[in-house]
Each structure stands twice: as structure tokens, then as C-alpha cells.
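Observations on chain architecture
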Amino acid sequence: MSKPILISGIQPTGRLHIGNYLGALKNFVELQNSGKYKCYFFIADLHSLTESFSPAEKHKQILELAADYIAAGLNPKKSTIFLQSQVSAHAELAWIFETLTSLGELKRMTQFKEKSEKEKERVNAGLLTYPALMASDILLYDAAFVPVGEDQLQHLELARTLARKFNKRFGKTFVEPKPILTESPRVMSITHPKKKMAKSEPSGCLFLDDSPQEIKAKISRAVTDSGSEIKLDPAKKAGISNLLRIYSSLSGERIPMLEKKYTGKNYSEFKRDLAELVADYFSVFRKKKKQLQTTHYQLQTILKSGSAKASQIAEKKTHEVKKKIGIEI
Ligand code: TYM
């Protein structure tokens, strides 16, 4: 029997933070290495055009994300790693999906509401139609599984709705994808622990290639709560709970074990250990990333060959779609 298909992507908008890692990338690598899936991982550059950018910066961000993928353990021999814009079928099918999606469904999306509220003057139409493109990314490959963080669940739900809607109207064509969440589907900001860790607030992020000194400084400044107990209590102790979850996800130690280990110890001892853990955990990553970025050739080759492979699958699917909706001659 052929393996189930799995796909996910990340936007190239700068350095990855530990939320991207614990919610998504760490899991991409584990799922790839499990050998249970046929995996596709892509760089969602078309999505990232919805935010302001310069061409030189965008080019750099794409190659940087490719380096992040490989340094974290994605392997082009095991997974198809590609650049979204190189596979024109993504934009093509997205248009078709836009015609099947109501304006209301798109306006209800939390991400659209938040981003359009922030950028009142510069809300582009792509920010609104974004989930139709995301549905296209997934449905083109018959993906059964999509590993993502919690903030993407609403978009994934639209992909499921579109698959059902299309299948009902034009005949069975698409697979309805299911999300795969990690144990840390929503890592919080270390400065505002009631808010999600996000690139838009860099001071609240631990970046994967932060130096050990930066990690130490950031974690020692991380907002904790009154009291001194190291205990999971997201409602009353949001700060320490978030740090405990990060610790547990990286070390593999369960939270009750950590609570026990730190009984009678204070926040600063816990923070010192966490900073050491984070710095050590990403030390190989930092080295590999630097090495990969010395020459772009290797990264470009990986993306080109992955994109050629993905195009073959995606084009076949768009042919099928065109036929089903009656626009093929
Ligand atoms: P993006 O680029 O914003 O984020 C990449 C991945 O990181 C997860 N993530 C988090 N997980 C836990 N805690 C956090 N604080 C946190 N912040 C981000 C995201 O949930 C995501 O999994 N729309 C997507 C990219 C995309 C995509 C797709 C994903 C485009 N097409 C098709 C899957 C399938 C996005 O903007 O993710």
C-alpha cells in the first residue's frame, strides 16, 4: 500500500522562532524520519508577498528558510522540498478555489481580522484570499495530513470545506486533510505570555539561531509571575507555564517530572538551566545553518529539483480539476 501523503509549509519572512520549531518544524523532521509518510515541505513565498518586502530581502529570506529546513534535519533524499512560486499550479488552483469561497468565510478568518486591523491602510486583497491559496497548496497533492501549529487550524478547516464542496459538486477529486498538532501547538511570547510568540513582536521570540549569550539574556528577562513555585498553571502562571512547556518539549522530560526536579528551587535557577538547554539544543543547528549559507548553490539545487518533482504531481491534479469543471478542451 502506498504511504499517506503529508504536506506543510512555512512563510519566508525572517528568522524562525522556537514557536515555529516546536509547533511545526521539529515535527516535520520527526514525521519525515518516521518513514510512514510521503512528505512534501515547501517555502510559502507567495503567501509571504501579502506583507511588505523588498525583492533583495525576499530572495535572502527564501534561501535562509531553505537553510533552516536542512539545518533542522529535513532531507531532500527523504522529502520533496520545494519553492511554492516555482509550481504555478498553486496560484492557478487558488483562483478556482476563490470562486468557490464566500466572502464571509474569508472575512471571518482570525488571521485576516488581526492583520487587517493592524495594517488598516495597506490591507491587500491577498491577505483576504490567503486561505484559498493555502487550500490549493494542500489539496493539489492529495495530502491526508498537515502538520501545523494551532493558529493554522482555521485555515485548514477551510481546506477541508473546499475539498468537500468541490467533491460534492464536481465528483470525487480531493482528499480531506487532517491536521497533526504537536504537544506545543501554541508557544507563547516570552515577554507577553498571554500572547502567541510571533515574528511581529521580535522581543518576545527566541530565535533558533540566537547566540547562547542572546538566549541567556532573553530568558533571564522573560516575564514570569508573582510567587516562586515552578508549576504548570497557564491561567495563573502563564509565564512560567510557557517556559516549562518549552523546557519539556526540548528535553523530552514530562512536566510533572520537571515540577518535581525544581521543587524548592527559584525562578532564576530554572531560567539558567533552560537557557543552557536551549543554547545546547540548537548548537548543531546554528553551525549547520552557517555552513549552508556560505554557498547558495546547494540550497538552490535542492529547491529546483524539489520544485520540478512537485510540479509534475501538481500539474496532473490541475488537469483533472480543469476536466471536472469543464474548462479543458
Ligand atoms: P507561518 O509561516 O506563520 O508559521 C509556520 C508554522 O509555525 C507555526 N507557528 C507556531 N506554532 C506554535 N506556536 C507558535 N507561537 C507559532 N507560530 C507559528 C504555524 O502554525 C505554522 O505551522 N499559512 C502558513 C503557511 C502555509 C501552510 C500552507 C502551512 C502556507 N500554505 C499549507 C501548511 C499547509 C503560515 O503562515 O505559517
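Structure: above.
Overview of the structure. (Residues numbered from 1 in each chain as written. Predicted model: local features only at pLDDT ≥ 70, side-chain atom pairs only at ≥ 80, totals over all residues. Heavy atoms only, no water.)

**Focus on the overall build of the protein**
When you go through the protein residue by residue, the secondary structure sums to 14 helices and five strands. Rg of the C-alpha trace for the protein: 21 Å, near the compact-globule value of 20 Å for 329 residues, within the 12% margin. Seen through its principal axes, the protein has C-alpha atoms that stretch 75 × 45 × 45 Å. By residue count, 51% of the 329 residues in the protein fall in the buried class. Put simply, 75% of the contacts in the protein that link residues at least 6 apart link residues at least 24 apart. As displayed, the protein has an accessible area near 16300 Å², and 54% of this comes from carbon and sulfur atoms. Side-chain charges of the protein comprise 53 positive and 36 negative groups, with the mean position of each set lying 3 Å from the other. (Helix = DSSP H or I, 4+ residues; strand = E, 2+ residues; numbered from the N terminus. Rg over C-alpha atoms; globule rule 2.2 N^0.38 Å. Buried < 20%, exposed > 50% of the residue type's maximum accessible area, 1.4 Å probe, protein only. Contact = heavy atoms within 4.5 Å. Areas by Shrake-Rupley, 256 points an atom, 1.4 Å probe, with all protein chains shown as cover. Lys, Arg positive; Asp, Glu negative; His and termini not counted. Charge placed at Lys NZ, Arg CZ, Asp CG, Glu CD.)

**With respect to the packing of aromatic side chains**
Tallied over the entire structure, the rule returns 15 aromatic pairs. Aromatic pair F166 and F170: ring centres 4.7 Å apart, planes at 50 degrees, arrangement tilted. With F166 and F170 both in helix α8 (residues 153-170) and four residues apart, the pair spans about one turn of that helix. Looking at F166, the relative accessible area reads 0%, which means it is buried. Relative to F270, the ring of Y247 has its centre 5.6 Å away and its plane inclined at 15 degrees; by these criteria the two rings are stacked. Taken together, the positions of Y247 in helix α10 (residues 238-251) and F270 in helix α12 (residues 267-281) put the pair 23 residues apart, joining distant regions of the chain. Given a relative accessible area of 5%, Y247 falls into the buried group. The buried category is assigned to F270, whose relative accessible area is 0%. One aromatic cluster is present, built from ring pairs that chain together Y21, Y281, F282 and F285. (Phe/Tyr/Trp six-rings, centres within 6.5 Å; stacked < 30°, edge-to-face > 60°.)

**Looking at the site of the ligand**
With respect to spatial proximity, 27 residues lie near the ligand, and among them Q11, Y130, D137, D151 and V187 are the closest. The separation between a nitrogen atom of the ligand and a polar main-chain atom of G19 is 3.1 Å. At a separation of 2.6 Å, a nitrogen atom of the ligand approaches a polar side-chain atom of D137. Burial of the ligand by the protein amounts to 96% of the accessible area it has alone, namely 720 Å². Elements represented by at least two residues in the shell around the ligand include exactly β1 (5-10), α1 (18-34) and α7 (125-139). (Near = heavy atom within 4 Å. Polar contact = N/O pair within 3.5 Å; in protein donor to acceptor, adjacent residues only side chain to side chain.)

**So, the pairing of β1**
Among the six residues in β1, five count as buried, and that is most of the element. One ladder, built from six bridges, connects β1 with strand β2 (residues 38-43); its direction is parallel. Note on β2: the bridge partner recorded for G9 is F42. (Pairing = 2+ DSSP bridges.)

**So, the pattern of salt bridges**
In the structure shown here, the tally under the stated rule is 21 salt bridges. Notably, a salt bridge pairs D68 with K289, separated by 2.8 Å at the nearest N-O pair. You can see D68 sitting in helix α3 (residues 55-72) and its partner K289 sitting in helix α13 (residues 283-292), a full 221 residues away along the chain. Each member of the pair D68 and K289 is classed as buried. Across the pair K196 and D151 runs a salt bridge whose closest N-O atoms are separated by 3.0 Å. Pair noted here: K196 is in the loop between β5 (178-180) and α9 (212-221) and D151 is in the loop between β4 (145-147) and α8, with a separation of 45 residues, a long-range link. One network of salt bridges, in which partners are shared, links R15, E64, D68, D209, D210, K218 and K289. (Salt bridge = Lys/Arg side-chain N within 4 Å of Asp/Glu carboxyl O.)

All quantities given are derived from atomic positions and should not be read as evidence of function.
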